[in-house]
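Architecture at a glance
One letter stands for each residue in the lines below.
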Amino acid sequence: MSTFPVAEHVARMKASSTLKAAQTAAALREQGHSVIDLTVGEPDFDTPQFIKNYAWEGLQKGLTKYTASSGMKQFTEAVSSFYKNQFGAEFSPGEVVASCGGKQALFNAACTLLNPGDDVLIPKPYWVTFPEIATFCRANSVFIDTEATDFVLSADQVSDAMTEKTKLLIINSPSNPSGRVIPPAEMRKIIETCADRGVYVLTDECYLFFAYPPGEVFTSASLPKELRDFVCVAGSFSKTYAMTGWRIGYTIANEAWSKAMVKLQSHSATHPTSFVQYACARAMENHEASVAAVNAMLAEYERRRNWLIPALNAIKGFNCGMPEGAFYAFVDVRDLLGGEYKTSANVAEAMLERTYTVVTDGAGFGAEGFLRFSYATSMENLHTAIERLGELFGRKEAQAA
Ligand SMILES: Cc1ncc(COP(=O)(O)O)c(C=O)c1O
């Protein structure tokens, strides 16, 4: 069989390490093993019933045809009104473009801005897709190490990393994988630093609603227009309303950038599914119900976090800070390295082979020595995982005794 000549920029892209780990978990489960899958960042909740009802209502209304490439008017207006009511953000529906999930929102934004050879600043640890988007655009990823600031990006770090070639900074707060949240004042400083130098900022706000109190939920869409002109917010319904399979998200960006994204999208996906747009528009119009649904999920994630982090820290060799947002524990396992395990991937392999507990290695996020545990899973699964890992690595109390 001849070798297929995959385009160079696509050949250079790496497969998603989070999806790979999830596939390993699924394969082991098929073989009959009792697998605890802590890999995928997918809410274990069902989509709220009222949103499903709205989708059905949309179908019954006959919303089964093409919409505008930018999305239905009702959708873009609903995003604009929701952000105004919830965050006091002022932008027009013309600055909103509906997309097929946050991923397409990010691709739309990057592909309409970047030229080959541009530099893209990406703080480490990063979500696996960010450098791959840069690669796809034939741009260069320039990583910013944030370990010194406990994985919270600062404006000074951004300023130090900038060069003449810097075109874009990609931020994700609350962060996947670290769970850290950039404080609103620092976020503003970061964006001011970029705007001063004519650098654009793509802010992935897919975990926007999942900041644990007293942490503040902050969207860059609420910044004044002169700063917002340099920002594209990528939003998603996937995590917010447990709708990963529905494939819907959006961008909020200045009109010129939005127009370019609509042009690109009109030749690719065209738009996200019509009645899904309708369901999301209706959900946002029903502000009270949608906020209540998110808050119920947030409270449950917080309950799991509060149990899980001390339990992880009680395991020998595990060190984990308290996540301030999203639903991931990012565990430093470097104390385990040097002897039996050379890398965090070796630790993850041992967990998989000896306990059937599957997590994602930090190396894929640019943080070798760390493991990411998703706690978007039941308490029962978390208890079982901790029990198995305690047996494999031992417990700190036992060490002290
Ligand atoms: C940081 C981050 N951004 C974006 C996405 C994409 O979400 P979706 O394309 O489902 O909206 C994810 C999904 O895991 C994510 O973790």
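**Notes on helix H14 (residues 379-393)**
- With 15 residues, H14 ought to run about 21 Å at 1.5 Å a step, and its terminal C-alpha atoms sit 21 Å apart, in line with that.
- Within the span of H14, buried status applies to Met 379, Leu 382, Ala 385, Ile 386, Leu 389, Gly 390 and Phe 393. Within H14, the buried residues cover an arc of 130 degrees as seen down the axis, which keeps them to one side. Of the residues in H14, the exposed ones pointing more than 90 degrees away from the buried face are Glu 380 and Glu 391.
- Summarising the contacts, the buried residues of H14 are in contact with strand E1 (36-37), helix H12 (287-313), helix H13 (344-355), strand E11 (357-358) and strand E13 (370-374).
- Positive phi appears at Gly 394, one or two residues downstream of H14, with a value of about 90 degrees.

**Some details on the site of the ligand**
- Around the ligand, a shell composed of 13 residues is seen, among which Gly 102, Asp 204, Ser 236, Ser 238 and Lys 239 lie nearest.
- A distance of 2.5 Å separates an oxygen atom of the ligand from a polar backbone atom of Gly 102.
- A distance of 2.7 Å separates an oxygen atom of the ligand from a polar atom in the side chain of Ser 238.
- Within the complex, the protein chains bury 92% of what would otherwise be the 400 Å² of accessible surface of the ligand.
- It is helix H5 (residues 101-111) that contributes the most residues to the shell around the ligand, three residues altogether.
- Of the residues contributing to the shell around the ligand, the split by class is three nonpolar, six polar and four charged.

**Brief notes about the side chain of Asp 119**
- Within the secondary structure, Asp 119 is located in strand E3 (residues 119-124).
- With residues up to four places along the chain from it excluded, the contact list for Asp 119 reads Asn 140, Val 142, Thr 163, Lys 165, Thr 166, Lys 167 and Leu 168.

**Quick notes on the sheet that holds strand E8 (residues 249-252)**
- The strand order across the open sheet built from seven strands is E2-E8-E7-E6-E5-E3-E4, with neighbouring strands paired in mixed fashion. Looking at the sheet topology across the chains shown, the edges are occupied by strand E2 (96-99) and strand E4 (140-145). Across this sheet, the average inter-strand angle for adjacent strands is 20 degrees, counted without regard to direction.
- Bridge analysis of strand E7 (residues 231-236) against E8 gives four bridges, and the strand direction is antiparallel. Residue Gly 235 lies in a different strand from E8, and its bridge partner there is Tyr 250.

**Observations regarding empty space enclosed by the protein**
- If you walk through the whole model with that rule in mind, you get four cavities of 30 Å³ or more.
- Lining the largest cavity are 21 residues, and of these Pro 123, Pro 125, Phe 151, Asn 172 and Ser 175 sit closest to its centre.
- Secondary structure elements with two or more residues in the lining of the largest cavity: E3 and strand E5 (166-172).
- Residues belonging to the lining of the largest cavity are distributed by class as follows: 13 nonpolar, six polar and two charged.
- Roughly 70 Å³ of internal volume is contained in the second largest cavity.
- Of the residues belonging to the lining of the second largest cavity, the class tally is seven nonpolar, two polar and no charged.

**Things to note about the domain arrangement of the protein**
- The assigned domain composition of the protein is domain 1 (8-46 + 291-392) and domain 2 (49-286).
- Centre-to-centre separation of domain 1 and domain 2, based on C-alpha positions: 25 Å.
- On the side of domain 2, 36 residues touch domain 1, which itself brings 36 residues to the contact.
- When residues of domain 1 are sorted by the area they lose upon contact with domain 2, His 9, Glu 324 and Phe 365 head the list and together hold 19% of the total.

**Observations regarding the nonpolar core**
- Within the largest apolar cluster, 98 residues are counted, with the highest numbers of intra-cluster contacts made by Phe 75, Tyr 83, Leu 169, Phe 318 and Phe 373.
- Residue contributions to this core peak at 10 residues, all from H12.
- Both domain 1 (8-46 + 291-392) and domain 2 (49-286) contribute no fewer than three residues apiece to this core.
- Setting aside residues no more than four positions away along its own chain, Leu 169 makes contact with Leu 121, Pro 123, Ile 144, Leu 153, Val 158, Ile 190, Cys 194, Val 199, Tyr 200, Val 201 and Leu 202.
- In terms of nonpolar packing, the next biggest core, distinct from the first, is built from 29 residues, Leu 106, Leu 113, Val 120 and Phe 130 among them.

About the thresholds
Residues numbered from 1 in each chain as written. Predicted model: local features only at pLDDT ≥ 70, side-chain atom pairs only at ≥ 80, totals over all residues. Heavy atoms only, no water. Helix = DSSP H or I, 4+ residues; strand = E, 2+ residues; numbered from the N terminus. Expected span 1.5 Å × (residues − 1). Buried < 20%, exposed > 50% of the residue type's maximum accessible area, 1.4 Å probe, protein only. Arc of directions from axis to C-beta. Contact = heavy atoms within 4.5 Å. Near = heavy atom within 4 Å. Polar contact = N/O pair within 3.5 Å; in protein donor to acceptor, adjacent residues only side chain to side chain. Areas by Shrake-Rupley, 256 points an atom, 1.4 Å probe, with all protein chains shown as cover. Nonpolar A, V, L, I, M, F, W, Y, C, P; charged D, E, K, R; others polar. Pairing = 2+ DSSP bridges. Axes fitted to C-alpha atoms, helices over the stretch in contact; angles between N-to-C directions. 1 Å grid on protein atoms, 1.4 Å probe; cavity = no way out; pocket = protein on both sides within 12 Å on 5 of 7 lines; lining within 4 Å. Points joined across faces, edges and corners; volume = space filled by probe spheres on them. Domains from an automatic or database assignment. Buried area = accessible area lost by both parts, 1.4 Å probe. Core = buried A, V, L, I, M, F, W, Y, C linked by side-chain atoms within 4.5 Å.

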